[in-house]
Amino acid sequence: MAERVMMALGPFRFEVGQATYQSLAMRQSWRWPEQARIGREPALQYTGREPIEVTLSGTLYPSFDGGLAQVEQMRELADKGEPLQLVDGLGRVWGAWVIVEVGDTRSVLMDDGQPRRIAFELKLKSYGEDNIVTDISGGWSPFAVLLPIIDEVATDPLGALNTVVGDVVQRIAGSMGGSVTQRASVLQDALRDVMQPLRTALNGAVSRLREAGVTLPAIDALLTRVARASAAPLSSYDVMAAQIAALRDDIERARREAERHPQAAELQVVLDSADLALQGLLPAEQETA
C-alpha cells in the first residue's frame, strides 16, 4: 500500500520513511522603506510584500530509511535551477516554488564516520505568482492563484477548465487584428487562465491515483512545465507558441502513460480538456507559422 504523501515538491516526495519532516515554518515580510523628510521623522511607504518562505525541518535515520541520499537528492533538485510545483498531502496546490537552501547536521557518528542521525533543513521561496491568497486557516490552498472563477476552481477544477476553453478562444480570435505586442499579451493572459484550473485538476486526479498506489512519472514533468508557464514573464508570441507546443507534447506523453492504467480515467479526462484548451490558444494559421 502506498504511503500517504505529506508534501510533493516537483518529483520529490516527503512521506513517512522518505524525507519525513517534523516541522513546517512559514515566514513572510512586507516592505515599508523609509522616506526622508526635512525636519521630521522619516515616513514609511508601503511598496509590497516579499516572497513567502517555507522551511521544512526533520530528522532522518539512515538505518531505517534513505538518510543522506535523500538530502543529496534535494541538492540535485536545487542544482537544476527550476521552479517546482508544491502540493500538500490534501492535493492543494501551493504554486511554483524554488529551493534556496539545503542544510544537514550529521550526528551520532560511527567509527567510520557515518552518521546514525541526520537533521535536515530545506528552505523554499515562492517563485512569484501575480496574485496569491494568504489564508493559512487550513481551507483552500494558502497560495492559490486568484482567478475570476476561483470558487469554481476550488470546487470543480475540471468544470473551470472547460469554462475557460470557450472564453480564451474568443479572446485569442479577437486579438488577431492587433499588434504583435497586443497579441502576445492576450496570449499570455489566456495561457495563465488555462494553467490555474489545469494545475488544480491535475493535482486532484494525481493525488487520488497515488492513494490507489499508481504513480505516473510523466505527470511530474507536466506539472513542472505547467507551474513554469503559470509564472512565466511576458515574452514574444513565438516563444509562447513554442511553450504551448511543449505543454501539448507533455500532455500527450502523460496521456499515453495514463492509458495503461484503468484507474487513470479521471486523469485522461483532465488531459483531454487541457489539450483542447491549449489548441484554442493557437489558431490553425498560427500553429504552422
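For the structure itself, consult the block above.
Predicted, not measured: the structure shown is a model, and the values here were computed from it.

### Comments concerning the environment of Phe120
With respect to the helices, strands and loops of the structure, Phe120 is situated in strand β11 (residues 115-126). Classification of Phe120 as buried rests on a relative accessible area of 3%. Considering only alpha carbons, one finds Phe120 and Gly103, 17 residues apart in sequence, at a separation of 5.6 Å. Apart from the residues lying within four places of it in its own chain, the contact partners of Phe120 are Ala19, Thr20, Tyr21, Leu56, Ser57, Gly58, Thr59, Leu60, Val71, Met74, Gly103 and Asp104.

### Quick word on the pairing of β11
Relative to β11, strand β8 (residues 53-60) runs antiparallel, the two being bridged by eight bridges. Directly across from Val54, in β11, lies its bridge partner Leu124. Two elements, strand β10 (residues 93-109) and β11, share 11 bridges in a ladder whose sense is antiparallel. Directly across from Thr105, in β11, lies its bridge partner Ala119. Hairpin connection between β10 and β11: a loop of five residues separates the two successive antiparallel strands, and Gly113 in this loop has a positive phi of roughly 90°.

### Considerations on the packing of aromatic side chains
Overall, the coordinates contain three aromatic pairs when judged by the stated rule. Consider the rings of Phe12 and Phe14, whose centres lie 5.0 Å apart with planes at 65°: the pair is edge-to-face. Residue classification places Phe12 among the buried positions, given a relative accessible area of 7%. Note on Phe14: relative accessible area 0%, which makes it buried. Ring centres 5.7 Å apart and planes at 75° place the aromatic pair Phe14 and Tyr21 in the edge-to-face group.

### Remarks on the environment of Pro33
Positionally, Pro33 belongs in the loop between β4 (30-31) and β5 (34-37). Along the backbone, Pro33 and Leu44 are 11 residues apart, and their C-alpha atoms lie at a distance of 5.7 Å. Among residues more than four places away in sequence, those in contact with Pro33 are Ala43, Leu44, Gln45 and Thr47.

What counts and what doesn't
- Residues numbered from 1 in each chain as written.
- Predicted model: local features only at pLDDT ≥ 70, side-chain atom pairs only at ≥ 80, totals over all residues.
- Heavy atoms only, no water.
- Helix = DSSP H or I, 4+ residues; strand = E, 2+ residues; numbered from the N terminus.
- Buried < 20%, exposed > 50% of the residue type's maximum accessible area, 1.4 Å probe, protein only.
- Contact = heavy atoms within 4.5 Å.
- Pairing = 2+ DSSP bridges.
- Phe/Tyr/Trp six-rings, centres within 6.5 Å; stacked < 30°, edge-to-face > 60°.

That is the geometry; function is a separate question.
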